[in-house]
Amino acid sequence: MRSDPSRRRRGARLFAVYAAASLIPVAALGALLAVSYRADATARGMAEARSQAALLADDIVVPAVGQVPLRGALRAGTQTVLRNAFDLAKDDGRLLRLRLRDVTGVVVWSDDGSGVSSAKPDDEVLDALHGETVSTLTHLNSDSDDVGPVGPRVVEIYRPVAESADGTVIGVLEMYVPYAPIATDVNAGLHQMYALLAVGLGALWLVLAFISASTTKRLRKQSQRLQYLVHYDEASGLLNRVGFTDAVDRRLAADPEHPPAIAFVNVCRFRDINEALGRLSGDEVLLQVGRRLVTTAGDSAVVGRLGGDEFGVADFSPVGDDLATWAATLQDAVAQPIGAAGVPVLVEVAVGYDRGAPGQPTEELLNRADAAVSLAKCAVDRRAGYDCAGHADASSLSLMARLRDSISAGDLELHYQPKTSLDDGRVVSVEALVRWRVGEKLLMPQAFLPSVEQTALIHPLTDWVAREALRQLVAWGPAADGVDVAINVSARNLSDPRFADRLLRIVAASGVEARRLTVEITETALLVDPDAARESLQALHDAGMAVSIDDFGQGQTSLSYLASLPVDELKVDRAFVSRVCVDPMHDAIVRSVVQLGHSLGLRVVAEGIEDEPTIERLAYLGADVGQGYFIARPMHASAFVGWQAAYAQSRLRVVG
Ligand code: C2E
Ligand code: MG
Ligand code: MG
């Protein structure tokens, strides 16, 4: 995951904006606190001035004027006391002006003779006469009845002079306390407070900025990671489906005239690899497959991991017309064993491919490669190109519709795999295995049979297989003397009460003796509807056909059910046979199945023999018949006679 410089710059810009924006509330908070501190300090200064006034009134004025309400001019002695007190306070800088008013609010004494003539007392005077101390911050000479220029800032205080015994107001003291010394005190405290506030708020802002910076960084990382995961697959480091589609989209938009060759690459049996070696090894396999595809596809290709076991390759270089060869190159790239968990793993991939047309939307291109890979998985060579006529739509419904036509159109084929006696090597039978030709491709049964078995289409299909296998047996003529034919039937066939009758009619029509036809039914299919299966098989068996239980060992048939069936043959499942030489447990299982079969009077066939040690071991264990790639792969009918001749020759050489 790379860190993009432009994204980093955007992050830094975002942080700067946040830092600037967060400064505004912090500054507003600072301003609010400063205003509130200043108001508080001023209030304290005013309180200080009021307490000075209280001192003057209670300690000097009241004793001087006596305890009677003031009315009219003062006595000379009282005036002297007031004068001395004022002078003292003025010299100390604590007072600028002092007036004494009588109970009517009229000035009866002032230090400078001012205010004596004013007729009507102010509201503040009246409030003070009612016992309330009133103080305001103002300027000297700013009252309406003052004369002279406006003076410095002062605290103007109206203080009731109260007779001490009962609190009766006997006059009002009007004082003007200079505000400058108070302001100096207030400001000195305030400056210190402002400094502390600035440091505190600055620290707060820094902490907030730091938290926001680290949060922003974390969020940015998370968002980068999410961005990455939107487009990339973590396990392989390749583009994921979204990233792959985007990348192809962008390249196509830049150059719509040159669409890419596109391939979907599917790792076959990946689930088995995962289960056998564990998820970590499975991941390692995917990683290696991805790397090899990247190396092989080259710089001009876009490679992505589209899902669990599926990769996409879009090659924008001129790949040429032979896309099949290009697809084979991709297959070869992963053909070499991949080391996972110290074990070399052979990986096979199915490749579905197509070439885009100019102007074709990316989505359509990908859908076509997707359809192609579905078919490639079932193709013999695991490759399939998208072919409009053949398999534009791989959905099972349309597949079924086409298969119905294919049966009548002759697009189904049977391949035949010989079964030979393990005693003397004679070819005793051939198993007919169905294939479907779709366009250029030959589809294996697992590509379509599971869907067919879900529908009634399985009946015409099995009928066709039986007719064709019997026809072929006749067509081989003397070459097939002594050779029987086996067909596979599905659970659904056996559940159909008319099946046995139909098959008997087909056999009768073919002219082949019923005893030359073996019906193979898988053990698991038997269990779908055991009673119906028994009935159908009984009818076939009664008519002389042989009944074989296929893939024996995979299901869970109870021995009593097995004994109740009209069975002639057991085919030991390939999974046991293939490991008989490497796994003592499998060896023991095969030995037991052979004994069981023989005890029940059945012929035992070992299917899936791939090498000489296995065939020898099975002969030793007493299996009667063998089938597998070692003897012969399923082959086209036309190849059978030639194969049989060659096989007879090689047997003669061995015996000779
Ligand atoms: P099956 O009846 O067990 O057939 C044997 C399958 O194992 C065949 O696969 C055959 O090609 C494969 N095989 C044989 N020897 C070996 C070997 O040595 N090694 C390996 N790895 N494989 C071997 P195929 O032809 O793909 O058929 C798969 C299955 O499809 C059959 O398994 C059978 O169950 C079913 N099938 C095939 N044809 C028909 C049909 O006409 N009707 C029905 N209902 N099922 C069919
Ligand atoms: Mg079979
Ligand atoms: Mg089988």
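Quick summary incoming for the structure in this document. Since we're looking at a predicted model, the values are computed, not measured. Chains are numbered independently. Their residues run from 1 in the order of the written sequence. The lettering of chains begins at A and the numbering of ligands begins at 1, in the order of writing. Thresholds applied to this predicted model are a pLDDT of at least 70 for local features of residues and 80 or more for the giving and counting of side-chain atom pairs; totals over whole chains, interfaces and linings are not thresholded and use all residues. Note that the side-chain values use all heavy atoms of the structure and ignore hydrogens as well as water.

### Examining the coordination of the magnesium ion (ligand 2)
Quick reminder of the rule: Each metal site is built from N, O and S donor atoms within 2.8 Å (3.2 Å for Na, K and Ca), and since water is not included, such sites may look incomplete. Note on conventions: DSSP H or I runs of at least 4 residues are helices, E runs of at least 2 residues are strands, and numbering of each starts at the N terminus.
Glu-431 (OE), Asn-488 (OD1), Glu-520 (OE) and Asp-550 (OD) make up the full set of protein donors to the magnesium ion (ligand 2), lying at 2.0 to 2.3 Å. For the magnesium ion (ligand 2), all donor residues lie on one chain, and their spacing in sequence is E-x56-N-x31-E-x29-D. In this model, the magnesium ion (ligand 2) sits 4.2 Å from the magnesium ion (ligand 3), the two metals being bridged by Asp-550. One end of the pair, Glu-431, is in strand E14 (residues 427–438); the other, Asp-550, is in strand E18 (residues 546–552), and 119 residues separate them in sequence.

### Side note on the coordination of the magnesium ion (ligand 3)
Let me state the cut-off plainly: Exposure categories follow from relative accessible area, calculated using a 1.4 Å probe and restricted to protein chains: below 20% of the type maximum is buried, above 50% is exposed, and the middle band is partly exposed.
Protein coordination at the magnesium ion (ligand 3) comes from Asp-550 (OD), Asp-551 (OD), Glu-607 (OE) and Glu-607 (OE), with a distance range of 2.0 to 2.4 Å. Between consecutive donors of the magnesium ion (ligand 3), the numbers of intervening residues give the motif D-D-x55-E. Here Asp-550 falls in the buried class, since its relative accessible area comes to 5%.

### Considering the packing of aromatic side chains
Condition: Geometry of aromatic contacts follows a simple scheme: Phe, Tyr and Trp rings, the Trp one being its six-membered ring, pair when their centres are within 6.5 Å, and the pair is stacked under 30 degrees between planes, edge-to-face over 60, tilted otherwise.
Counted according to the given criterion, the structure contains 6 aromatic pairs. Here Tyr-416 and Trp-476 contribute two aromatic rings whose centre-to-centre distance is 4.8 Å and whose plane-to-plane angle is 75°, an arrangement assigned as edge-to-face. A residue pair is termed long-range when its members are at least 10 positions apart, and Tyr-416 in strand E13 (residues 412–421) and Trp-476 in helix H13 (residues 458–476) qualify at 60 residues. With a relative accessible area of 1%, Tyr-416 lands in the buried category. For Trp-476, a relative accessible area of 7% gives the class buried. Judged by centre distance (4.4 Å) and plane angle (40°), the rings of Trp-476 and Phe-640 are tilted. Note that Trp-476 is positioned in helix H13 and Phe-640 in helix H22 (residues 637–655), a separation of 164 residues in sequence. On the basis of relative accessible area, Phe-640 is assigned to the buried category, the value being 0%. Joined through ring pairs, the aromatic side chains of Tyr-416, Trp-476, Phe-640, Trp-643 and Tyr-647 make up one cluster.

### A closer look at the site of ligand 1
Worth spelling out the cut-off: Residues are classed as near a molecule or strand on a simple rule: at least one heavy atom within 4 Å of it. Accessible surface area values rest on a Shrake-Rupley calculation with a 1.4 Å probe, where residue burial reflects the displayed protein chains alone. Each residue is assigned to one class: nonpolar for Ala, Val, Leu, Ile, Met, Phe, Trp, Tyr, Cys and Pro, charged for Asp, Glu, Lys and Arg, and polar for all the others, Gly among them.
Around ligand 1, the structure places 24 residues, and the nearest of them are Glu-431, Asn-488, Asp-550, Glu-610 and Tyr-629. For ligand 1, whose accessible area on its own is 790 Å², the fraction buried by protein is 86%. Listing elements by their share of the shell around ligand 1, those giving two or more residues are E14, helix H12 (445–452), strand E16 (484–489) and E18. Grouping the amino acids of the shell around ligand 1 by side-chain chemistry returns 10 nonpolar, 6 polar and 8 charged.

### Considerations on a nonpolar patch on the surface
Inclusion rule: The patch calculation keeps residues exceeding 30% relative accessible area without a salt bridge and links them within 9 Å when they carry like charges or within 5 Å when they are nonpolar (Val, Leu, Ile, Met, Phe, Trp, Tyr). Any carboxyl oxygen of Asp or Glu that lies within 4 Å of a side-chain nitrogen of Lys or Arg is treated as forming a salt bridge with it.
Among the surface-exposed residues, Tyr-18, Leu-29, Leu-204 and Leu-208 lie close enough to one another that they form a single nonpolar patch of about 310 Å² accessible area. Within the residue set of the nonpolar patch, elements represented by two or more residues are helix H1 (5–65) and helix H4 (179–231).

### Details of a negative patch on the surface
Note the cut-off: Lys and Arg are tallied as positive, Asp and Glu as negative. Neither His nor the chain termini are counted. To locate a charge, take NZ of a lysine, CZ of an arginine, CG of an aspartate or CD of a glutamate.
Residues Glu-610, Asp-611, Glu-612 and Glu-616 make up a contiguous surface patch of negative charge. Inspection of the secondary structure assignment puts Asp-611 in the loop between strand E20 (603–607) and helix H21 (612–621). In this structure Asp-611 comes out as partly exposed when scored by relative accessible area, which is 32%.

### Examining the nonpolar core
Basically, it comes down to this: Residues enter a nonpolar core if they are buried and are Ala, Val, Leu, Ile, Met, Phe, Trp, Tyr or Cys, with the set joined through side-chain atoms within 4.5 Å. Contacts between residues were defined by any pair of non-hydrogen atoms, one from each residue, lying within 4.5 Å.
The biggest cluster of nonpolar side chains holds 88 residues, and the ones touching the most others in it are Phe-448, Val-452, Leu-461, Ile-487 and Leu-503. For this core, the element with the highest residue contribution is H13, accounting for 9 residues. Sequence-distant contacts of Ile-487, defined by excluding residues within four places in its chain, comprise Ala-432, Val-465, Ala-466, Ala-469, Leu-503, Leu-517, Thr-518, Val-519 and Glu-520. Membership of the second largest hydrophobic core comes to 32 residues, among which are Ala-41, Leu-95, Leu-100 and Ile-157.

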